[in-house]
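Structural characterization, general
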Amino acid sequence: MSDHTPTPVRVRLAPSPTGLPHVGIIRNAIFNWLMARHYGGQFVFRLEDTDQARLVPGSAQALYDTLRWLGLDYDEGPDIGGPHAPYVQSERLDRYREVVDRLIAEGHAYQCFCSQERIQEVREARRQANIHPHGYDRHCRALSLEERNRRAAEGEAHVVRFATPLDGDTTFQDEVRGAITYANRELDDHVLLKSDGFPTYQLANVVDDHLMEITHVIRSEEWLPSTPRHVLTYRVLGWEPPKFVHPALLMGRDPQSGKISKFSKRHGAQFVREYEEQGYLTEALVNFLALLGWAPGGDREIMTREEMIQLFSLEGINPSPSVFDLEKLTWMNGVYIRSLSEAELVRRCLPFLQKAGLVSEAPGEVEQAYVTQVLKLEQERMKTLAEAPALTDFFFRDEPELDEAAVTKRLRQPQAGSVLDAVTRRLEAASTWDVEALEQAVNAASEELGVKKADVIHPTRVAATGRGVGPGLFETLWVLGRERVLARLRKARALAPA
Ligand code: GLU
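On a predicted model such as this, the values are computed, not experimentally measured, just so you know.

Some thoughts on the layout of surface pockets
As a volume, the largest pocket reaches approximately 1000 Å³. If you trace the largest pocket, you find 38 residues lining it, with P15, S16, I25, E222 and W223 closest to the centre. Sorting the residues of the lining of the largest pocket by element identifies β1 (10–13), α1 (23–38) and α6 (201–211) as the ones contributing at least two each. The leading source of residues in the lining of the largest pocket is α1, at five residues. Taken together, the residues of the lining of the largest pocket sort by class into 14 nonpolar, 14 polar and 10 charged.

Observations regarding the pairing of strand β4 (residues 159–162)
Both faces of β4 are covered, namely the face carrying V159 and R161 and the face carrying V160 and F162. Of the pairings in the sheet, the one linking strand β3 (residues 109–112) to β4 comprises four bridges and is antiparallel in character. Within β4, the position partnered with A109 by the bridge is F162.

Thoughts on the environment of V462
The residue V462 is located in helix α18 (residues 453–465) in this model. Each C-alpha atom of the pair V462 and L402 lies 8.0 Å from the other, and the pair is 60 residues apart in sequence. For V462, the contacting residues outside a window of four places in its chain are A406, V407, R410, L411, R467 and G468.

Focus: the site of the ligand
Residues in close proximity to the ligand include R12, A14, P15, S16, E48, Y201, N205, R219 and W223, which together make up its full environment. At 2.8 Å from an oxygen atom of the ligand is found a side-chain nitrogen or oxygen belonging to Y201. Contact between the ligand and N205: an oxygen atom at 3.1 Å from a side-chain N or O atom of the residue. Within the complex, the protein chains bury 83% of what would otherwise be the 290 Å² of accessible surface of the ligand. By residue class, the composition of the shell around the ligand is four nonpolar, two polar and three charged.

Focus on the sheet that holds strand β12 (residues 322–324)
Reading across the sheet, the three strands line up as β11-β10-β12 and stay open at both edges, with mixed pairing between neighbours. Looking at which strands have only one partner, the edges of the open sheet turn out to be β11 (260–262) and β12. Strand-to-strand, the axes of this sheet are offset by a mean angle of 50 degrees, without reference to chain direction. Here strand β10 (residues 250–253) pairs with β11 via three bridges, running antiparallel. Each bridged residue has a counterpart across the sheet, and for G252 the counterpart in β11 is S261.

The rules we used
Residues numbered from 1 in each chain as written. Predicted model: local features only at pLDDT ≥ 70, side-chain atom pairs only at ≥ 80, totals over all residues. Heavy atoms only, no water. 1 Å grid on protein atoms, 1.4 Å probe; cavity = no way out; pocket = protein on both sides within 12 Å on 5 of 7 lines; lining within 4 Å. Points joined across faces, edges and corners; volume = space filled by probe spheres on them. Helix = DSSP H or I, 4+ residues; strand = E, 2+ residues; numbered from the N terminus. Nonpolar A, V, L, I, M, F, W, Y, C, P; charged D, E, K, R; others polar. Buried < 20%, exposed > 50% of the residue type's maximum accessible area, 1.4 Å probe, protein only. Pairing = 2+ DSSP bridges. Contact = heavy atoms within 4.5 Å. Near = heavy atom within 4 Å. Polar contact = N/O pair within 3.5 Å; in protein donor to acceptor, adjacent residues only side chain to side chain. Areas by Shrake-Rupley, 256 points an atom, 1.4 Å probe, with all protein chains shown as cover. Axes fitted to C-alpha atoms, helices over the stretch in contact; angles between N-to-C directions.

What follows is the structure, encoded as structure tokens:
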């Protein structure tokens, strides 16, 4: 492919602003973005807002924001302009009208005056009698051009339909699926222009891909059945179609039955920004989504953006279904969290800690340094940023929340009182408060009592943190600080038998 790929490569994301950006749209955005960046081409963002009834206010902005958040920068688009502006279809109606007029004049399209009721009835009757194609019966196609033009000029409500060839096949090449053939008799005369003067997706998509000089259309499998219609339109207009690539739909696996079905809420959050709230990193999301339907070869999984750009090729796109595995995303997120620098770790976790009320809105230097120490201790264990508050709250609260099971197991025990007394004494006596000194204090307490080190460590941990598990005890005590630790040990003493 690399040898024959025309330059410049121009690809596009053409979403409809009908809701919050879905995981599937972003996966397609990633493929298009990687394609553009790999070949040094352009990534175009076009808003397909011709279905006015389905518009959801705010969704265009949510798309721009989400692409920016993920670092999927586009070169041309509604909010940044470009040589083919406007990039919003509702602002390009004159272009579609012009093409429709040409198609009518050349006999490739016709006005249709049938009422909705009639079309419904015909559709139902044809479906029941299994007459192909199901759908519209081409009633108005038989009217003369003069009659159609006259009725339209008189203001009679109508749509414009494509005059699909009645026989023969339409074959096109999908870059990853190979040649695909549709029998024309299975295609009805689809609508190009609606009665409100807006084009349908089928028309606007073709006109804009042509005018915007798109070289590769990478879009999900659900659009495959529309492609023969597009190809027929390109042909009658004498336009060269772009290359088509249809990666497979996203699927999910049911946790109980193991059954695979179209990706839905049951398999993971639908909207990409939900992953932000759940504490997933953009690096992990982009890496994970890129692998849903694309394989770089070998068993490579964790890749930087630069590596993905370098390795991307259409050959690596897989036409068979890819399964969204939340566990894998979470694993990958943990890998990315572990690779964050100290400063980045703090920057990413801070909003979660602030939201939980553990850290102030504008932490000063001392607080910032404390947060850094705390997070470094938990970095290894954290799989999502959203876990940060639960993993670290005992560092921030005056009183740690007590895990009752741990208290029972480690503190409500005959030995616990003497262990806490000894360890408290040793810690009070420690001349410095560093990891080494703390370890020595614990060792000294275990020797004094003639018990195993673990028998000192466990009760001490529960007393100081309220819980039975956590990062290394000495590091934890060190970060918590002398005063906090001693106060907690003295308080916990009351929980142990006298
Ligand atoms: N507007 C379509 C969508 O919402 C675009 C499909 C295509 O890329 O052709 O996904």
